[in-house]
Amino acid sequence: MVNRRLFAICLPVSLAGLAFLTWVFYTRLEAHSAFQEQARLAVQDAARIRAHVVHFAERRVLPGATFADALGRLGVEPNVAATVADAAQSVYNLRGFRTGNRLAVGRSVDGELRAVRYQIDPDRMLWVRPDGERFRAEIQTIPSETVIAPVTGQVRDSLYNAVIDAGESPELAVRLAEIFGWDLDFYTDPRRGDTFRVLVEKKQYASGETVAYGKIYAAEYNNDGHAYQAVLFRDPNGRAAYYGADGKSLEKAFLRSPLKFSAPITSRFSRSRFHPVLKTRRPHLGIDYGAPVGTPVQSIGTGTVVFAGRKGGSGNLVHLRHTNGYETMYMHLSRILVRGGQKVEQGQRIGLVGATGLATGSHLDFRILQHGSYRNFEALRLPPAQPVAKKDWSEFVVVRDRWLGQLPDAGSVRAQAATAERLPASSQ
């Protein structure tokens, strides 16, 4: 009787113990299997990473560097760099290797060379990759899209810096200066707090990086409370041209300055000025712009080179003849970029600022004559080009309203500028 009771008690306990041991065994077996699977997957992942993950080190090409030299600066051994260069030469003439372009070397996590890429231009990329014991090169098209995008900004010191602050490239600043260059001198006219709004065509990579600018469809520059607007249309000859909202052409016979960006006027037009070198009072029949040596000088209008060379106290001089009895002179140049008798276009570079002749420092002495008489360029009213033709007026109104209507709201631009002014420098 006692044995039966003991058996009845021990049997369930034994079965429970057996079940527990079985559970422990299978649990450990599953854990071991899971660990083995994770280890297998880790090995596969590591193999995939070694095979496919490439880390790139990128630099811009330095002046005077060859393709192989540039690869060496990125850590590629000389013999390997020479082999890569030979492969690249088979699809691309390395004489086109340019200073400032981007070159990158890609390596695996183990440090093995996996790829070399060189950006030829905004549309093409040269790739060189290992192919067995050799390297294979190809040129690929870089995917991009063209969008019409708004750009806004506020001037703190110059238009150039304002465009950079807005996240754009200097090219856009130059384009804006060209559009408004007949009405504004971007050396002297910009004021702190000026704002600009632009609707511009951008070519962008998938990353959003802008690689080139296309047409500027509309723009506005608010200078000390006065808004200058520009709309892209066409002139009577069908040529692309910019007009104000009233249909008047922004173009004039002359640009407002022989330089593009800010340089102070160190001496103005005067009939009696104390000459800093000769120490006497004499007429100064031009305007002096205090710009560094090498600053590009542009022709303010289309014309013909009357004289280009050295001339006494004027130093290196370029003298141009324009239409309607106008002439312009550009003095003290460090270098002359045109020759006598040559035709030049408005905005064309004709020389570089210097300090030749009777000059105490680097500057441009600019002079303008009308029918043989020197005129004060700052006070001169520049003759405009033709307005929108009457037959094109209805079409112009549609284009004007379309593009100006897509400019960012002026109030929001001012609000953003005011917010930026209040932020501490470390937050901007």
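Residues numbered from 1 in each chain as written. Predicted model: local features only at pLDDT ≥ 70, side-chain atom pairs only at ≥ 80, totals over all residues. Heavy atoms only, no water.

**What about the environment of A206?**
Condition: Secondary structure elements follow DSSP: runs of H or I of four or more residues count as helices, runs of E of two or more count as strands, with numbering from the N terminus. Burial classes follow relative accessibility: with a 1.4 Å probe on protein chains only, a residue under 20% of its type's maximum area counts as buried, one over 50% as exposed, and anything between as partly exposed.
Residue position: A206 is located in the loop between β7 (195-205) and β8 (210-223). With a relative accessible area of 81%, A206 lands in the exposed category. Sequence separation of A206 and E145 is 61 residues, and the distance between their C-alpha atoms is 7.6 Å.

**Structural notes on helix α3 (residues 78-89)**
Where we set the bar: To estimate the expected span of a helix, subtract one from its residue number and multiply by 1.5 Å. Arc definition: directions from the helix axis to the C-beta atoms.
With 12 residues, α3 extends 16 Å from end C-alpha to end C-alpha; this agrees with the ideal 16 Å at 1.5 Å per step. Listed as buried for α3 are A81, V84, A85, A87 and A88. When α3 is viewed along its axis, its buried side chains cluster within an angular range of 160° and face the same direction. Along α3, the residues that are exposed and aim more than 90 degrees away from the buried face are N79 and D86.

**Observations regarding the sheet that holds β7**
Rules: Here a strand pair is declared whenever DSSP counts at least two bridges between the two strands. Note on method: axes are straight lines fitted to C-alpha atoms, helices fitted across the in-contact stretch only, with angles between N-to-C directions ranging 0 to 180 degrees. The contact criterion used throughout is that any non-hydrogen atoms of two residues lie within 4.5 Å.
With antiparallel pairing, 5 strands are arranged side by side in an open sheet as β6-β7-β8-β9-β10. Each edge of the open sheet carries a strand with a single partner, namely β6 (144-154) and β10 (240-243). Adjacent strand axes in the sheet meet at a mean angle of 25°, parallel and antiparallel pairs treated alike. Sheet topology note: the β7/β8 ladder contains 9 bridges and is antiparallel. Bridge pairing in β8 places Q204 opposite T210. Across the sheet, helix α6 (residues 393-404) is in contact with β6, β7, β8, β9 (226-234) and β10; its angle to β9 comes to roughly 125°.

**Quick notes on helix α5 (residues 170-179)**
L172, A173, L176, A177 and I179 are the residues of α5 that are buried. The arc that holds the buried residues of α5, viewed along the axis, is 160°, so those residues lie on one side. Contacts made by the buried residues of α5 are with β6, α4 (159-165), β7, β8, β9 and β10.

**Some details on the layout of surface pockets**
Quick note on the threshold: The pocket and cavity definitions rest on a 1 Å grid over protein atoms only: a 1.4 Å probe that fits but cannot leave marks a cavity, an open set with protein on both sides within 12 Å along at least five of seven lines marks a pocket, and residues lining either have an atom within 4 Å of a point. Grid points are joined across faces, edges and corners, and a volume is the space filled by probe spheres set on the points. All amino acids are sorted into three groups, where Ala, Val, Leu, Ile, Met, Phe, Trp, Tyr, Cys and Pro are nonpolar, Asp, Glu, Lys and Arg are charged, and the leftover types, Gly among them, are polar.
In this model, the second largest pocket occupies a volume close to 310 Å³. As for the second largest pocket, its lining consists of 16 residues, of which D183, D246, K248, S249 and L250 are closest to the centre. In terms of residue class, the lining of the second largest pocket is made up of 7 nonpolar, 5 polar and 4 charged.

**Considering the environment of G225**
Among the secondary structure elements, G225 is positioned in the loop between β8 and β9. Look at G225 and you get exposed, because its relative accessible area is 66%.

**A short note on the packing of aromatic side chains**
We count it as follows: Pairing of aromatic rings covers Phe, Tyr and Trp, the last through its six-membered ring, and needs centres within 6.5 Å; plane angles under 30 degrees mean stacked, over 60 mean edge-to-face, and all others mean tilted. Remark: a charge is flagged as sitting over a ring if the NZ atom of Lys or the CZ atom of Arg is within 6 Å of the ring centre and within 35 degrees of the ring normal.
Tallied over the full model, the rule gives 14 aromatic pairs. On the basis of an interplanar angle of 45° and a centroid distance of 4.9 Å, the ring pair of F97 and Y118 is categorised as tilted. Remark: Y118 occurs in strand β3 (residues 113-121) and F97 occurs in the loop between α3 and β2 (102-107); sequence separation between them is 21 residues. On the accessibility criterion, F97 (9% relative accessible area) is buried. Owing to a relative accessible area of 0%, Y118 belongs among the buried residues under this scheme. Relative to Y326, the ring of F254 has its centre 4.9 Å away and its plane inclined at 80°; by these criteria the two rings are edge-to-face. Taken together, the positions of F254 in the loop between β10 and β11 (265-267) and Y326 in strand β18 (residues 326-333) put the pair 72 residues apart, joining distant regions of the chain. Y326 gets classed as buried once you look at its relative accessible area, which sits at 8%. Feature note: the residues F67, Y92, F97 and Y118 constitute an aromatic cluster, connected by ring pairs. In this structure, R256 is placed above the aromatic ring of F377, and the distance from its NZ or CZ to the ring centre is 4.6 Å.

**Some remarks on the sheet that holds strand β21 (residues 349-352)**
Taken in spatial order, the 3 strands line up as β15-β21-β19 in an open sheet, and their pairing is antiparallel. Every interior strand has two partners, whereas the edge strands, β15 (296-298) and β19 (335-336), have only one. Across 3 bridges, β15 lies against β21 in antiparallel orientation. Paired with P296 across the bridge in β21 is L352.

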